[in-house]
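# Chain and residue survey
Next come the chains, spelled out residue by residue.
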Amino acid sequence: MTTSAIKPTTDSVSGLLQDIAIIGRDKTRGGYSRPVFSTAETDLRDWFLEQAGRRGLDVRTDRNGIIWAWWDTSARTRRDAVVTGSHLDSVPGGGEYDGPLGVASALVAVDILKARGLRPRRPLAIAVFPEEEGSRFGVACLGSRLLTGELDPDKARRLQDQDGNTFADVAVANGQDPRFIGADYKTLQQLGVFVELHVEQGRGLVDLNQPVAIGSSILGHGRWKLSISGQGNHAGTTLMADRKDPMIAAAKIMVSIRDTARKYRDARATVGRLQPVPGGTNVIASRVDLWIDVRHPDDSVTAALIEAIRLNAQVTASEEGCRSSLTMESLSPTVHFDGGLRDRLKELLPGAPVLDTGAGHDAGVLSSHIPTAMLFVRNPTGISHSPDELVEDWDAEAGAMALADSLAGLLGGPPAGPPAGPPAGSRSSG
Ligand code: GLV
Ligand code: MN
Ligand code: MN
């Protein structure tokens, strides 16, 4: 799809999201599938470039594929930019708001600040980070990890998608030169603070009956791949007693992962993806790969839990005549957002509650390098990474207003405008 097919901007968050609502719909899974470098994701990036251009922002895409849209280009040599933004890629069959809400809200916040006649004393930029979900190449927050030097570019170039295409090859096919990915301290040092607005991925704001919250921390989390090897064979000719079936081992291991995680207070462990090889109805698999997502506020507990899972998998696999091996794909320690920035946002958004989150974000990766903060917008279903994720239109506009007020305060412009409320004519996105 070309951007010319997209309706004009309506200058509301819900209007912008409506403009892109047809992009990347997944007819099989429901919801949206917008993996990095897919047609859907590149269409969304084109849409953002067009929207930023319409607002007179100076746009460039850096060598890690991060899009930067600058309000004040003359200030590029300064080191105190206020940056907001989020991502446009999605998990398979994801919701409409995870990522795009933060991008659309950033565009509307710029509109609000311009309408207020704000003359920023610091540069302002909107950033769009690629592969935040890690849905295609397995490493979440790939763009921000490359920018900050937290991911080895060689490792990134070798990452493979489910079809065996390397990141390097897919990047080339999409006009990006993978030789130049990696730490970009020149860009990083221009950034003063980063504020990411995001749909809340739980029920905190519903329970508090509030539209917008300030983020306090992100639960530490990591991803591991467990491969269980057995003996591929014929489903009809192999007696039950003679099998070395890794699917059986995988089934037992998955139940034990759930049971082990339950022994650790506040732990979460999930197997959301499982791939039998070769994957035929009348074939006993020769190997099963499964991916484990583990989260806990205490990083040493995450380490203990994954070790318990590893040992248990070894024993269970060998009981089934199979072997197992575990590899870490990514690890993000628990993040506590900058206290000073959080206090400043509390002053700028009086009455907004402070909430933590179990979900990972580029703001978490950036937080070891610059002060970062997050704003969460109420999600009435409390569900995310699912088509059931929801934001009501009036909450989306309240979120953009809260973001504009936060940015105005950080940019050193005039005081915030009137408190946010439902705009006239707003409607539920249903
Ligand atoms: C990203 O949304 C994550 O928490 O995995
Ligand atoms: Mn997200
Ligand atoms: Mn997500």
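Just so you know, these numbers come straight off a predicted model, no measurement behind them.

### Section: the overall build of the chain
Helix and strand content of the chain: 13 helices and 15 strands. Taken over the C-alpha trace, the chain has a radius of gyration of 23 Å; the compact-globule value for 430 residues is 22 Å, and the two agree within 12%. By its C-alpha atoms, the chain is 75 × 45 × 40 Å across when sized along the principal axes. Expressed as a percentage of its 430 residues, the buried residues of the chain come to 54%. If you take every contact in the chain between residues at least 6 apart in sequence, the share linking residues at least 24 apart comes to 77%. Accessible area for the chain stands at about 18100 Å²; split by element, carbon and sulfur atoms hold 51% of it. When the 46 basic and 53 acidic side-chain charges of the chain are each reduced to a single mean position, those positions are 2 Å apart.

### Considering the coordination of the manganese ion (ligand 3)
Surrounding the manganese ion (ligand 3) are the protein donor atoms Asp98 (OD), Glu133 (OE), Glu133 (OE) and His385 (NE2), which sit 2.1 to 2.7 Å from the metal. Binding-site remark: the manganese ion (ligand 3) is held by donors from one chain whose sequence spacing is D-x34-E-x251-H. Between the manganese ion (ligand 3) and the manganese ion (ligand 2) the interatomic distance comes to 3.6 Å, and Asp98 is a ligand of both metals. Within this pair, whereas Glu133 is found in the loop between β4 (124–129) and α4 (142–147), its partner His385 is found in the loop between β15 (372–377) and α13 (393–411), the two being separated by 252 residues in sequence.

### Re the packing of helix α9 (residues 246–262) against helix α10 (residues 299–319)
Between α9 and α10, the shortest axis-to-axis distance is 10 Å and the interhelical angle comes to 150°. The pairing of α9 with α10 is recorded here as roughly antiparallel in orientation. For the element pair α9 and α10, the recorded crossing hand is right-handed. In this structure, α9 contributes Ala249, Lys252, Ile253, Ser256, Ile257, Thr260 and Ala261 to the contact, and α10 contributes Leu305, Ala308, Ile309, Asn312, Ala313, Thr316 and Ala317. Across the contact of α9 with α10, the residue classes break down as 9 nonpolar, 4 polar and 1 charged.

### Focus: the pattern of salt bridges
A side chain of one charge can pair with a side chain of the opposite charge when the charged atoms of the two come close. Using the criterion set out here, one finds 20 salt bridges in the structure. Put simply, Asp177 and Arg179 hold a salt bridge, and the shortest N to O gap is 2.6 Å. By relative accessible area, which is 27% here, Asp177 ends up partly exposed. In this structure Arg179 comes out as exposed when scored by relative accessible area, which is 61%. Its salt-bridge partner being Arg203, residue Asp207 comes within 3.6 Å of it at the nearest N-O pair. Taking relative accessible area as the criterion, Asp207 reaches 59% and is therefore assigned exposed. Residue class for Arg203 comes out partly exposed when judged on its relative accessible area of 41%. Several salt bridges converge on common partners, so that one network encompasses Asp11, Arg55 and Asp111.

### Description of the coordination of the manganese ion (ligand 2)
Coordination sphere of the manganese ion (ligand 2), protein contribution only: His87 (NE2), Asp98 (OD) and His198 (NE2), at 2.0 to 2.2 Å. Mapping the donors of the manganese ion (ligand 2) onto the primary sequence gives the spacing H-x10-D-x99-H.

### Notes on the site of ligand 1
Taken together, the residues surrounding ligand 1 are Glu133, Arg295, Ala359, Gly360 and His385. Glu133 places a polar side-chain atom, nitrogen or oxygen, 3.1 Å from an oxygen atom of ligand 1. The contact in question runs from an oxygen atom of ligand 1 to an N or O atom on the side chain of His385, over 3.0 Å. If you map ligand 1 onto the pockets, it falls in the largest pocket. In the shell around ligand 1, the residues fall into 1 nonpolar, 2 polar and 2 charged.

### Describing the confidence of the model for the chain
Averaged over every residue, the pLDDT of the chain is 93; the share at 70 or more is 93%. Within the model, pLDDT remains below 50 along residues 1–10, and this stretch shows 25 contacts once partners closer than five positions in the same chain are excluded. Overall, residues 414–430 carries pLDDT values under 50, and its contacts beyond four positions in sequence, including any with other chains, amount to 25 contacts.

### Some words on the sheet that holds strand β12 (residues 323–332)
Here 4 strands make up an open sheet; going across it, the order is β9-β11-β7-β12 and the pairing antiparallel. Every other strand in the sheet has two partners, leaving β9 (268–277) and β12 as the edge strands with one partner each. Averaged over all neighbouring strand pairs, the angle between strand axes comes to 15°, with direction disregarded. Sheet analysis places strand β7 (residues 220–229) next to strand β11 (residues 287–296), joined by 10 bridges and oriented antiparallel. Residue His221 lies in a different strand from β11, and its bridge partner there is Arg295. Against the sheet, α9 touches β7, β9 and β11, its axis set at about 175° to β9.

### Considerations on the nonpolar core
In terms of nonpolar packing, the biggest core is built from 56 residues, with Phe48, Leu101, Leu113 and Leu375 touching the most fellow members. Contact partners of Leu113, with chain neighbours within four places excluded, come to Trp71, Leu118, Leu124, Ala404, Leu407, Ala408 and Leu411. In terms of nonpolar packing, the next biggest core, distinct from the first, is built from 23 residues, Ile66, Leu191, Val335 and Ala363 among them.

### Observations regarding α9
The end-to-end C-alpha separation of α9 is 24 Å, in line with the 24 Å expected for 17 residues at 1.5 Å each. Turning to α9, its buried residues number three or more, namely Pro246, Ala249, Ala250, Ile253, Ser256, Ile257, Thr260 and Ala261. When α9 is viewed along its axis, its buried side chains cluster within an angular range of 130° and face the same direction. Where α9 is buried, its residues touch β7, β9, β11 and α10.

### A closer look at the packing of aromatic side chains
Each aromatic ring pair is described using two quantities: the centre-to-centre distance and the angle formed by the ring planes. On inspection of all chains with the given rule, the structure shows 4 aromatic pairs. Here Phe37 and Phe167 contribute two aromatic rings whose centre-to-centre distance is 5.8 Å and whose plane-to-plane angle is 50°, an arrangement assigned as tilted. Placement of the pair is Phe37 in the loop between α1 (13–19) and α2 (39–54) and Phe167 in helix α6 (residues 167–173), with a sequence separation of 130 residues. When its relative accessible area of 14% is taken as the criterion, Phe37 is described as buried. Residue classification places Phe167 among the buried positions, given a relative accessible area of 3%.

Calculation notes
- Residues numbered from 1 in each chain as written.
- Chains lettered and ligands numbered in written order.
- Predicted model: local features only at pLDDT ≥ 70, side-chain atom pairs only at ≥ 80, totals over all residues.
- Heavy atoms only, no water.
- Helix = DSSP H or I, 4+ residues; strand = E, 2+ residues; numbered from the N terminus.
- Rg over C-alpha atoms; globule rule 2.2 N^0.38 Å.
- Buried < 20%, exposed > 50% of the residue type's maximum accessible area, 1.4 Å probe, protein only.
- Contact = heavy atoms within 4.5 Å.
- Areas by Shrake-Rupley, 256 points an atom, 1.4 Å probe, with all protein chains shown as cover.
- Lys, Arg positive; Asp, Glu negative; His and termini not counted.
- Charge placed at Lys NZ, Arg CZ, Asp CG, Glu CD.
- Donors = N, O, S within 2.8 Å, 3.2 Å for Na, K, Ca; no water.
- Axes fitted to C-alpha atoms, helices over the stretch in contact; angles between N-to-C directions.
- Parallel < 35°, antiparallel > 145°, perpendicular 65-115°, else oblique.
- Left-handed = near helix turned anticlockwise from the far one by under 90°.
- Nonpolar A, V, L, I, M, F, W, Y, C, P; charged D, E, K, R; others polar.
- Salt bridge = Lys/Arg side-chain N within 4 Å of Asp/Glu carboxyl O.
- Near = heavy atom within 4 Å.
- Polar contact = N/O pair within 3.5 Å; in protein donor to acceptor, adjacent residues only side chain to side chain.
- 1 Å grid on protein atoms, 1.4 Å probe; cavity = no way out; pocket = protein on both sides within 12 Å on 5 of 7 lines; lining within 4 Å.
- Sits in = over half its atoms within 2 Å of the grid points.
- pLDDT = per-residue confidence, 0-100.
- Pairing = 2+ DSSP bridges.
- Core = buried A, V, L, I, M, F, W, Y, C linked by side-chain atoms within 4.5 Å.
- Expected span 1.5 Å × (residues − 1).
- Arc of directions from axis to C-beta.
- Phe/Tyr/Trp six-rings, centres within 6.5 Å; stacked < 30°, edge-to-face > 60°.

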